[in-house]
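Chain residues, written in single-letter form:
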Amino acid sequence: MLSIAIFYPSISFNHSLDYIVRRILNCQSLPPSTFSLPSKLNSYSSSSTYRHLYMRTINAAQLFDYESKLANEFIVSQRLKIAIVGFGNFGQFLATTLVRQGHTVLVHSRSDHFAAAKKLGVSFFQNPDDLCEEHPEVILLCSSIISMERVLLTLPLQRLKRNTLFVDVLSVKEFFKKLLLELLPSDFDVLCTHPMFGPESASDGWTGLPFVFERV
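Not measured: the values here are computed from a predicted model.

Caption draft 1: Structural context of unusual backbone geometry. Phi at His-135 is positive, roughly 55 degrees, even though this residue is not glycine. Following the sequence through the fold, His-135 ends up in the loop between helix H5 (128-133) and strand S6 (138-141). Overall, His-135 belongs to the partly exposed group, its relative accessible area being 34%.

Printed below as a string of structure tokens:
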């Protein structure tokens, strides 16, 4: 960005106005609108005058810096509001990385995990109605295999957005795939996954580790 140009004392010379403009533009390699034209020709002399042109730059992003604003809006748009249902060992493991990636994480469990949630920087909801009122875009199902059906039946699905994505991370696929298709409204999306890692094998992050999934 360019700031206000500053002009310094005059110097006389004997070149035409067109020549002066061409020299300024060629030397500075900037569009004509950047520069001020030389001063008026002296009607009583064959020579004209000009003043040295100095320019200052502003490095910090300004309020009218649309590129910086759009870049920030794009970063924010990539963040999701993710709910984790079942906040045991694996749920806390997922929450740790998702928070690090900049997502908003909400957690729900029948057990009181308020202290663990606060430590990880996530919001804890013991009441499923309160969780669904937050309208998460993604719901990660991390409950145990034996309790998954009961957990799904306790969720007030009518409070969720119609395009909510449900993701299960259980190792047994066919039964829960069928269960999700039966219990969830047809407007919802379903992703069945099987992360091939856990809190111990991915303690330093899960980048590059195998992850099996099926878009249902």
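So that's the structure; there's more coming.
Caption draft 2: How the structure looks around the pairing of strand S4 (residues 104-108). In terms of residue burial, S4 counts as a mostly covered element, since 4 of its 5 residues are buried. Sheet topology note: the strand S3 (residues 81-85)/S4 ladder contains 5 bridges and is parallel. Bridged to Lys-81 within S4 is Thr-104. In this fold, the crossover linking S3 to S4 by way of helix H3 (residues 89-100) has right-handed handedness.

Caption draft 3: Representation of the sheet that holds strand S9 (residues 211-215) within the structure. Pairing is mixed in the open sheet, where 7 strands are placed in the order S5-S4-S3-S6-S7-S8-S9. This sheet does not close on itself; its edge strands, each paired only once, are strand S5 (123-125) and S9. On average, adjacent strands in this sheet sit at an angle of 20 degrees to one another, irrespective of strand direction. Where S4 and S5 come together, 3 bridges link them in parallel fashion. Across the sheet, the residue bridging to Val-107 is Phe-124, located in S5.

Caption draft 4: Structural context of the pattern of salt bridges. The final tally for this structure, using the stated rule, is 3 salt bridges. As a salt-bridge pair, Asp-129 and Arg-159 come within 3.0 Å of each other at their nearest N and O atoms. Here Arg-159 lies in the loop between helix H6 (148-154) and strand S7 (165-168) and Asp-129 lies in helix H5, a separation of 30 residues in the sequence. Where salt bridges share partners, they join Asp-129, Glu-133 and Arg-159 into one cluster.

Caption draft 5: The packing of aromatic side chains, seen in detail. In this structure the tally under the stated criterion is 7 aromatic pairs. Consider the rings of Phe-90 and Phe-93, whose centres lie 5.5 Å apart with planes at 50 degrees: the pair is tilted. Of this pair, Phe-90 and Phe-93 both sit in helix H3, separated by 3 residues, roughly a single helical turn. Site record: aromatic cluster; members linked through ring pairs are Phe-90, Phe-93, Phe-197 and Trp-206.

Cut-offs and rules
- Position numbers for residues count from 1 along each chain, tracking the sequence in the order it is written.
- Two thresholds apply to this predicted model, a pLDDT of at least 70 for residue-level local features and 80 or more for giving and counting side-chain atom pairs, whereas whole-chain, interface and lining totals are computed over all residues.
- Side-chain numbers come from the whole structure's heavy atoms, not from hydrogens or water.
- Strands are runs of DSSP state E lasting at least 2 residues, helices are runs of H or I lasting at least 4, and numbering of each runs from the N terminus.
- Using a 1.4 Å probe on the protein chains alone, a residue whose accessible area is under 20% of its type maximum counts as buried, one over 50% counts as exposed, and one in between counts as partly exposed.
- At least two DSSP bridges between two strands are needed for those strands to be called paired.
- For the handedness criterion, the strands are oriented away from the viewer, and a crossover whose path from the first strand over the helix to the second runs clockwise is classed as right-handed.
- For every element, the axis is a line fit to its C-alpha atoms; helices are fit only across the contacting stretch, and the angle between N-to-C directions ranges from 0 to 180 degrees.
- We define a salt bridge as a side-chain nitrogen of Lys or Arg found within 4 Å of a carboxyl oxygen belonging to Asp or Glu.
- Here a Phe, Tyr or Trp ring, Trp counted by its six-membered ring, pairs with any other such ring whose centre lies within 6.5 Å, and the pair is stacked when the planes are under 30 degrees apart, edge-to-face when over 60, and tilted otherwise.

What is shown is where atoms sit, not what they do.
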